[in-house]
Amino acid sequence: MTLLIDLMLLDSCMAGALFTTIDTLFTANRIARMRAGSKRNPPVRWRLIDAKGQPVALDPVHLAIYGPVHEENIPQPWPGPRALVIPPLHARSVPHARKIVAGHGGARAWIAARHAAGDLVVATGTGVWLLAGAGILNHCTVSVPWTHEAWFARDFPDVQLSHTAPFTLDQRVLCGTTPSQQVELTCRMLATLGATDLASTLANMLLFDSERQLLMTDMASQGLIAKTGDSVLRKAIEWMRLNIDQPVRMEDIAGAASTSSRTLLRHFTRDLGKTPLEYLTHLRMQRAQMLLEVTLKDVADIAHASGYADVRAFRKVFLRETGTTPSEHRRRRAPRAARKHWRLDEVWEDETSSGASR
């Protein structure tokens, strides 16, 4: 399955948001090629288009990856999933946003046609005004910047506003509230188009995850982490992280936190909704998932590094907690292929040819 992403480059738009999307898609293609270990066609293709849907060429060499896929290489009609990405607008005020939307009649018509054809339409921030102007948001629930909510509600009373969700997906329209969410919005777009495994791996690599940051620090420095405070929970969790590969009893954790097992259990269930041992299992599964993704260690070694002497017990717990087997998780989420397929020189050599040049 190959995805086609069209990115609408308009006057008065924040073009940087489109380039951020392309950077994210470029990384997705690189991950896919690293996984495959061969010169396969990239799973995502993109092109910048104008208000009439025509490809926009970028001449400077250093902008080559942002340019369109060669038009002659794109079958008509496109056989796979497609998306149309609308950037935020450089609108200094609501009247200015209205003027921009009114001046882009061709873009509004193209957006409406693509949505009617069944494509996913994606917008960030003030770009949602163009979608509303195209008439595709009636009775949809969308997110808009808080600074524009009151005016947007008045101009488009048939559109439902979500006041709390940073992202919304309704009737093949995916919206993010602010331009700062462009990377995560792109990951969500790929998942919505069916590339769920690739989107998940991409999100793991590009989006901040405090728990993974700590886990990676633990593994990289062999258990040395920063001080995390003196509370019962923090001391217990720090000790569990440092001893994650060892046999652990409730009494051991309580002793490390300078409290009783009963008090420890109360803190964990009240604040985390898990018992200490359930939380330890969660930490162990997090470590196992990361080791499967970023190393080539076999499952037995990963089981031992995650605190399981019995590999069969590890596999059983991993399946229960994650819904998949360790081998399947590695196949679906690791950003690179098995060692025998790994050719680093091919990966770097092909980077410039993924995406736009294919």
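Starting from 1, residues in each chain are numbered consecutively following that chain's sequence as written. Side-chain atom pairs in this predicted model are given and counted only at pLDDT of 80 or more, local residue features only at pLDDT of at least 70, and totals for whole chains, interfaces and linings cover all residues. In computing side-chain properties, one takes all heavy atoms of the structure into account and sets aside hydrogens as well as water.

Colleague: Please explain the confidence of the model for the chain as it appears in this structure.
Modeller: Detailed reading of the predicted coordinates is not advisable wherever pLDDT falls low. pLDDT is defined as a per-residue confidence score from the predictor, taking values between 0 and 100. Residues with a pLDDT of 70 or more make up 82% of the chain, whose mean pLDDT is 84. Contacts: residue pairs with any heavy atoms within 4.5 Å of one another. Throughout residues 221-229 the model reports pLDDT below 50, and contacts reaching past four residues in sequence, or to other chains, amount to 14 contacts. Confidence drops under a pLDDT of 50 for residues 340-358, and excluding neighbours within four residues, the segment shows 42 contacts in the predicted structure.

Colleague: Can you help me understand the sheet that holds strand E3 (residues 82-86) in this one?
Modeller: Sheet strands pair by backbone hydrogen bonding; their relative direction is either parallel or antiparallel. The strand order across the open sheet built from 6 strands is E2-E1-E3-E4-E8-E7, with neighbouring strands paired in mixed fashion. If you trace the sheet from one side to the other, it starts and ends with strand E2 (44-49) and strand E7 (167-170), each paired once. Along the sheet, successive strands turn relative to each other by an average axial angle of 15°, direction set aside. Strands strand E1 (3-8), E2 and E3 of the sheet are contacted by helix H1 (residues 15-36), whose axis makes an angle of about 160° with E2. Sheet contacts for helix H6 (residues 182-192): E1, E2, E3, strand E4 (120-124), E7 and strand E8 (173-176); angle to E4, the most-contacted strand, approximately 170°. Paired strands, as defined in this entry, are two strands with at least two bridges between them according to DSSP. In this text, helices come from DSSP runs of H or I with a minimum length of four residues, and strands from runs of E with a minimum of two, each type numbered from the N-terminal end. Here an angle of 0 to 180 degrees is reported between the N-to-C directions of two axes, which are lines fitted to C-alpha atoms, with helices fitted over the stretch in contact.

Colleague: Sorry, what's going on with the packing of aromatic side chains here?
Modeller: Pairs of aromatic rings are described using the distance from one ring centre to the other and the angle between the two planes. Two aromatic rings, drawn from Phe, Tyr or Trp (for Trp, its six-membered ring), form a pair once their centres lie within 6.5 Å of each other, and the interplanar angle then sorts them: stacked below 30 degrees, edge-to-face above 60, tilted otherwise. According to the stated counting rule, one finds 6 aromatic pairs in the structure shown. Measuring from ring centre to ring centre gives 5.6 Å for Tyr308 and Phe314, while their planes differ by 55°; the resulting arrangement is tilted. The buried category is assigned to Tyr308, whose relative accessible area is 12%. Both rings, one in Phe314 and one in Phe318, keep their centres 5.8 Å apart while their planes meet at 50°; by these two values the pair is tilted. With Phe314 and Phe318 both in helix H14 (residues 311-322) and 4 residues apart, this pair spans about one turn of that helix. In this pair, the class of Phe314 matches that of Phe318, namely buried. Only protein chains enter the area calculation, which uses a 1.4 Å probe; residues under 20% of their type maximum are buried, those over 50% are exposed, and those in between are partly exposed.

Colleague: Would you mind showing me how to read the packing of helix H9 (residues 232-242) against helix H12 (residues 276-294) here?
Modeller: If you want to describe how two helices pack, look at the angle between their axes and the distance between the axes. Between H9 and H12, the shortest axis-to-axis distance is 10 Å and the interhelical angle comes to 45°. The angle between the axes of H9 and H12 places the two elements in the oblique class. In this structure, H9 meets H12 at a crossing whose hand is right-handed. Contact residues: Ile237, Met240 and Arg241 in H9; Pro276, Tyr279, Leu280 and Leu283 in H12. Side-chain classes follow a simple rule in which Ala, Val, Leu, Ile, Met, Phe, Trp, Tyr, Cys and Pro form the nonpolar group, Asp, Glu, Lys and Arg form the charged group, and the remainder, Gly included, forms the polar group. For the contact of H9 with H12, the class distribution of residues is 6 nonpolar, no polar and 1 charged. Here the word oblique covers every angle except those under 35 degrees (roughly parallel), over 145 (roughly antiparallel) and from 65 to 115 (roughly perpendicular). Should the near helix be turned anticlockwise from the far one by less than a right angle, the crossing is termed left-handed; should it be turned clockwise, right-handed.

Colleague: Would you mind showing me how to read H14 here?
Modeller: Each turn of an α-helix holds 3.6 residues, which means side chains three or four residues apart point in the same direction. Under the 1.5 Å per step criterion, the end-to-end length of H14 is 16 Å for 12 residues, consistent within 8% with the ideal 16 Å. Restricting attention to buried positions, one finds in H14 the residues Phe314, Val317 and Phe318. Buried residues of H14, viewed axially, fall in a sector of 105°; they line one side. The exposed residues of H14 that point more than 90 degrees off its buried face are Arg312, Lys316 and Arg320. Against the buried residues of H14 lie H12, helix H13 (299-305) and helix H15 (326-333). Whenever a nitrogen or oxygen atom comes within 3.5 Å of another N or O atom, the pair is scored as a polar contact, on the condition that within protein one atom can donate a hydrogen and the other can accept it, and that pairs from neighbouring residues in sequence are kept only if both atoms are in side chains. Capping of H14 at its N-terminal end is provided by Asp310; its side-chain oxygen lies 2.9 Å from the backbone amide nitrogen of Arg312. Gly323 sits one or two residues past H14 and shows a positive phi near 80°. Each residue after the first adds 1.5 Å to the expected span of a helix. Each C-beta atom gives one direction from the helix axis, and the arc is the one those directions make.

Colleague: What's the story with the pattern of salt bridges in this structure? I'm lost.
Modeller: Side chains that differ in sign of charge can pair as their charged atoms come close. The rule for a salt bridge is simple: a side-chain nitrogen of Lys or Arg has to be within 4 Å of a carboxyl oxygen of Asp or Glu. Within the structure shown, the criterion is met by 11 salt bridges. The salt bridge partner of Asp6 is Arg47, with a shortest N-O separation of 2.5 Å. Remark: Arg47 occurs in strand E2 and Asp6 occurs in strand E1; sequence separation between them is 41 residues. Each of Asp6, Arg47, Arg82, Arg114 and Asp119 takes part in one network of salt bridges that share partners.

Colleague: Please explain the packing of H1 against H6 as it appears in this structure.
Modeller: Closest axis-to-axis distance for the H1/H6 pair is 9 Å, and the angle between their directions is 55°. On the basis of their axis angle, the class for H1 and H6 is oblique. In this structure, H1 meets H6 at a crossing whose hand is right-handed. Each of Ala17, Thr20, Thr21, Thr24, Leu25 and Ala28 in H1 lies in contact with H6, whose residues at this interface are Gln182, Val183, Thr186, Met189 and Leu190. Across the contact of H1 with H6, the residue classes break down as 6 nonpolar, 5 polar and no charged.

Colleague: When you look at the side chain of His96 in this model, what are you seeing that I'm missing?
Modeller: Within the secondary structure, His96 is located in helix H2 (residues 94-102). When residues no more than four places from it in sequence are discounted, the contact partners of His96 are His90 and Ala91.

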